[in-house]
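# Structural description and commentary
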Amino acid sequence: MIKSRLHPITDKKFPLFPKLIATSFGVGFLPVAPGTWGAILAVLLWLPLYFFASPTVCYIATAAGAFFFFAAGTWASSEAEKYWGKDPVVACVDETVGQLISLLPLCCLTPWWEIFVSLALFRLFDIFKPLGIRNMERLPRGWGMMADDILAGIYSAMLLVILNLIIL
């Protein structure tokens, strides 16, 4: 078998389980803007909590989901780099985690339209990477892939809290 110079592991197929996690259950393979699809997946997974759970259950489940996807995503992203190179675009679990963090303040009975604000703020922070977000990418392997989106989610959540303090 001829080995590729681009990928350190070329004689083995990327296992399905870490591939599913790294790509947020495959949405990273959708055409055009896989990071946005990863964030949209987070919103879609979160919507039943927003509409049907109490604010406390919504908050706890969202935080637990973000933590779970952070832990699994850090591992899966590190695996993805072995097969696809540094920070592959199809690995969008980091955007899913960051968006979940951005949604945390919305668990407390906020207006529905803030979901769109949360998505827009998170994607803006993730794309432009201001305020030290870009520096987080320097962390090794999956840590760097996840850390910048976590910080983008935290900044988005902070702005949403401020927005709600102003309008309430």
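In case you missed it, the structure is sitting above this.
These numbers come from a predicted model, not from an experiment.

Let us look at a nonpolar patch on the surface. On the surface, a nonpolar cluster with roughly 760 Å² of combined accessible area is contributed by Trp112, Trp113, Phe116, Leu159, Ile162, Ile166 and Ile167. Per element, the largest residue contribution to the nonpolar patch is four residues, and it comes from helix H7 (residues 141-167). Following the sequence through the fold, Ile162 ends up in helix H7.

Our focus in this paragraph is unusual backbone geometry. Of note, the phi angle at Val32 is positive, near 65°, even though the residue is not glycine. In this fold, Val32 is placed in the loop between helix H1 (16-22) and helix H2 (34-52). Positive phi is not limited to glycine here, since Arg141 has a value of about 45°. Positionally, Arg141 belongs in helix H7.

Formed by 28 residues in total, the largest nonpolar core has its most connected members in Trp46, Val97, Leu100, Leu106 and Ile115. Contributing elements (two or more residues each) for this core: H1, H2, helix H3 (55-84), helix H4 (93-103), helix H5 (114-128) and H7. Per element, the largest residue contribution to this core is seven residues, and it comes from H3. Residues Ala39, Phe122, Leu151 and Tyr155 belong to the second largest nonpolar core, which totals eight residues.

In a regular helix each residue adds 1.5 Å, so 15 residues correspond to 21 Å; H5 covers 21 Å between its end C-alpha atoms and thus fits that length. If you check which residues of H5 are buried, you get Glu114, Ile115, Ser118, Leu119, Leu121, Phe122, Arg123, Phe125 and Asp126. Taken together, the buried residues of H5 touch H2, H4, helix H6 (133-136) and H7. Lys129 sits one or two residues past H5 and shows a positive phi near 55°.

This part is about H4. For H4, the buried fraction is high: 11 of the 11 residues fall into the buried class. Within H4, burial applies to Val93, Asp94, Glu95, Thr96, Val97, Gly98, Gln99, Leu100, Ile101, Ser102 and Leu103. Structurally, H4 contributes buried residues whose contacts are with H1, H2, H3, H5 and H7.

Moving on, we get to the state of the cysteines. In this structure the tally under the stated criterion is zero disulfides. Free cysteine Cys108: the closest other cysteine sulfur is in Cys107, separated by 6.4 Å. Residue classification places Cys108 among the exposed residues on the basis of a relative accessible area of 51%.

With that settled, the discussion passes to the pattern of salt bridges. Scanning all chains against the criterion turns up six salt bridges. Its salt-bridge partner being Asp126, residue Lys129 comes within 3.1 Å of it at the nearest N-O pair. Like Asp126, Lys129 is buried. Of the charged contacts, one joins Glu137 and Lys129 as a salt bridge, the two residues approaching to 3.5 Å between their closest N and O atoms. A residue is classified by how much of its surface remains accessible, and Lys129, at 14% relative accessible area, is buried. One continuous salt-bridge network, built from bridges that share partners, spans Arg123, Asp126, Lys129, Arg134, Glu137 and Asp148.

Let's shift gears to the side chain of Glu114. Mapped onto the elements of the fold, Glu114 is located in helix H5. For the buried Glu114, no salt bridge exists, and the shortest N-O distance to an oppositely charged side chain is 18 Å, to Arg123. Residues in contact with Glu114, not counting those within four places in the same chain, are Leu106, Leu160, Leu163, Asn164 and Ile167.

Conventions adopted
- Residues numbered from 1 in each chain as written.
- Predicted model: local features only at pLDDT ≥ 70, side-chain atom pairs only at ≥ 80, totals over all residues.
- Heavy atoms only, no water.
- Patch = residues over 30% accessible without salt bridge, like charges linked within 9 Å, V, L, I, M, F, W, Y side chains within 5 Å.
- Areas by Shrake-Rupley, 256 points an atom, 1.4 Å probe, with all protein chains shown as cover.
- Salt bridge = Lys/Arg side-chain N within 4 Å of Asp/Glu carboxyl O.
- Helix = DSSP H or I, 4+ residues; strand = E, 2+ residues; numbered from the N terminus.
- Core = buried A, V, L, I, M, F, W, Y, C linked by side-chain atoms within 4.5 Å.
- Buried < 20%, exposed > 50% of the residue type's maximum accessible area, 1.4 Å probe, protein only.
- Expected span 1.5 Å × (residues − 1).
- Contact = heavy atoms within 4.5 Å.
- Disulfide = S-S within 2.5 Å.
- Lys, Arg positive; Asp, Glu negative; His and termini not counted.

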